[in-house]
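Structure at a glance
Chain by chain, the residues:
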Amino acid sequence: VFESARGFVFDLDGCVWNGNTLSPGVADTLGRLHRAGRGIAFLTNNSRATAAEILRRLHALGITLAEHALTPLEIIGTVIAQRFGRSRVLVIGAPEMAAVVAGAGHEVVGVERQQEATVLALGNDFDLSFERLAAACRVAARTGALVTPNVDARLPVENGDFLPGCGALVAAVAAAAGVAPIVVGKPEPPLFGIALERLRVRADQAVMVGDSVPSDMRGARRVGMRTALYAPDGVAASGEADVVIRSFDDLRRLAGV
Ligand SMILES: [Mg+2]
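1. Re the overall build of the chain
For the chain, the count of helices and strands is nine helices and 15 strands. In terms of overall dimensions, the chain is globule-like: its C-alpha atoms have a radius of gyration of 18 Å, near the 18 Å expected for 257 residues. Across the 257 residues in the chain, those meeting the buried criterion constitute 52%. Sequence separation of 24 or more characterises 66% of the internal contacts of the chain that already satisfy a separation of 6 or more. Summed over its atoms, the accessible surface of the chain is roughly 11,100 Å², and 50% of this surface lies on carbon and sulfur atoms. Computed over 26 positive and 27 negative side-chain charges, the separation of the two mean positions in the chain equals 4 Å.

2. A closer look at the pairing of strand 8 (residues 119-122)
Side chains of strand 8 alternate between two faces, with Val119 and Ala121 and Leu120 and Leu122 buried alike. Both strand 6 (residues 88-92) and strand 8 contribute to a ladder of four bridges, which runs parallel. Residue pairing across strands places Ile92 opposite Leu122, the latter belonging to strand 8. As defined by bridge partners, strand 8 adjoins strand 9 (residues 146-148) across two bridges and the pair is classed as parallel. Among the inter-strand pairings, Ala121 is bridged to a residue of strand 9, identified as Val147.

3. Topic: the sheet that holds strand 15 (residues 243-245)
Across the sheet, which stays open at both edges, the six strands sit in the order 5-4-1-13-14-15 with parallel pairing between neighbours. Strands at the two margins of the open sheet, each flanked by one partner only, are strand 5 (68-70) and strand 15. The mean angle between the axes of side-by-side strands here comes to 25°, regardless of whether they run parallel or antiparallel. The pairing of strand 13 (residues 206-210) with strand 14 (residues 226-230) spans four bridges and is parallel. Each bridged residue has a counterpart across the sheet, and for Val207 the counterpart in strand 14 is Arg226. Those strands touched by helix 7 (residues 189-199) are strand 1 (7-10), strand 4 (39-43), strand 5 and strand 13, and its axis lies near 170° from that of strand 5.

4. Quick word on the packing of aromatic side chains
By the definition in use, this model includes three aromatic pairs. Look at Phe10 and Phe42: their rings are 6.1 Å apart centre to centre, the planes differ by 35°, and that puts the pair in the tilted class. One end of the pair, Phe10, is in strand 1; the other, Phe42, is in strand 4, with 32 residues separating them in the sequence. Each member of the pair, Phe10 together with Phe42, is buried. Taking 6.1 Å as the distance between ring centres and 25° as the angle between the ring planes, the aromatic pair formed by Phe10 and Phe248 counts as stacked. Remark: Phe248 occurs in helix 9 (residues 248-255) and Phe10 occurs in strand 1; sequence separation between them is 238 residues. Take Phe10 and Phe248: they sit in the same class, and that class is buried.

5. A look at the packing of helix 5 (residues 130-143) against helix 6 (residues 166-177)
Interaxial distance between helix 5 and helix 6 falls to 8 Å at its minimum, and their mutual angle equals 50°. Taken as axis vectors, helix 5 and helix 6 run oblique relative to one another. Taken as a pair, helix 5 and helix 6 cross one another with a handedness that is right-handed. Residues Leu133, Ala136, Cys137, Ala140 and Ala141 of helix 5 form the contact with helix 6, whose participating residues are Ala172, Val173, Ala176 and Ala177. Tallied by class, the residues present in the contact of helix 5 with helix 6 amount to nine nonpolar, no polar and no charged.

6. Brief notes about the pattern of salt bridges
Scanning the model with the defined rule gives 15 salt bridges in all. Arg132 is the partner of Asp125 in a salt bridge, and the nearest nitrogen-oxygen pair spans 2.8 Å. Relative accessible area serves as the criterion here: at 6%, Asp125 is assigned to the buried category. A salt bridge links Asp204 to Arg202; the nearest nitrogen and oxygen atoms lie 3.0 Å apart. When salt bridges that share partners are traced, they join Asp249, Asp250, Arg252 and Arg253 into one network.

Rules and cut-offs
- Residues numbered from 1 in each chain as written.
- Predicted model: local features only at pLDDT ≥ 70, side-chain atom pairs only at ≥ 80, totals over all residues.
- Heavy atoms only, no water.
- Helix = DSSP H or I, 4+ residues; strand = E, 2+ residues; numbered from the N terminus.
- Rg over C-alpha atoms; globule rule 2.2 N^0.38 Å.
- Buried < 20%, exposed > 50% of the residue type's maximum accessible area, 1.4 Å probe, protein only.
- Contact = heavy atoms within 4.5 Å.
- Areas by Shrake-Rupley, 256 points an atom, 1.4 Å probe, with all protein chains shown as cover.
- Lys, Arg positive; Asp, Glu negative; His and termini not counted.
- Charge placed at Lys NZ, Arg CZ, Asp CG, Glu CD.
- Pairing = 2+ DSSP bridges.
- Axes fitted to C-alpha atoms, helices over the stretch in contact; angles between N-to-C directions.
- Phe/Tyr/Trp six-rings, centres within 6.5 Å; stacked < 30°, edge-to-face > 60°.
- Parallel < 35°, antiparallel > 145°, perpendicular 65-115°, else oblique.
- Left-handed = near helix turned anticlockwise from the far one by under 90°.
- Nonpolar A, V, L, I, M, F, W, Y, C, P; charged D, E, K, R; others polar.
- Salt bridge = Lys/Arg side-chain N within 4 Å of Asp/Glu carboxyl O.

Structure below.
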């Protein structure tokens, strides 16, 4: 079914890898796709890593053919500027997110200056404290401006385990503040569009491979891409993807490589 597809866009967490462990067959399938001239891009909702960091992690795991990696950090500063102009932003999240927000021309303020913030940028925050959570809630409630890389509820890690995802924090803040989030990453269209541009393929020539129905499958379908739901445990909702694959070997066969 994917013999004619010219580009493949892969989700990372829970698909290509879990934590620092590649899924079985990833290296072989990606190598075969690459040698067959198919384009490959990685599209993650990671709120704590830039594209360069993602490529470094892939290379360390032996995936050296990766050229295109996209994360919401690529465009979060631009999204804030388009919606709110140059802003004073309380960043609750990773230092990498604060750096890209500042790099886009905004002023980043800390919790001690939360009264001055005009926008809240909320990512997964491994240093979350009640003080930081409270500041996030207050800024979102006062400004109505809650911008987040993603609303994924869980971050899959090794051995079928998980960490709370960015979306779990967003749900807490949105509930307390009574504000709906502006989502930068999947399932919103912009990052899918950038991935297609980088691969120089039309949406209908590209396949999105991922483990999340709400972020990967629905987002890809909205932009007209074809979809492969990665469900290694075999549990998958029918009708949410063009195909359900249980392994990267399945994908290799479907792609005819
Ligand atoms: Mg995933």
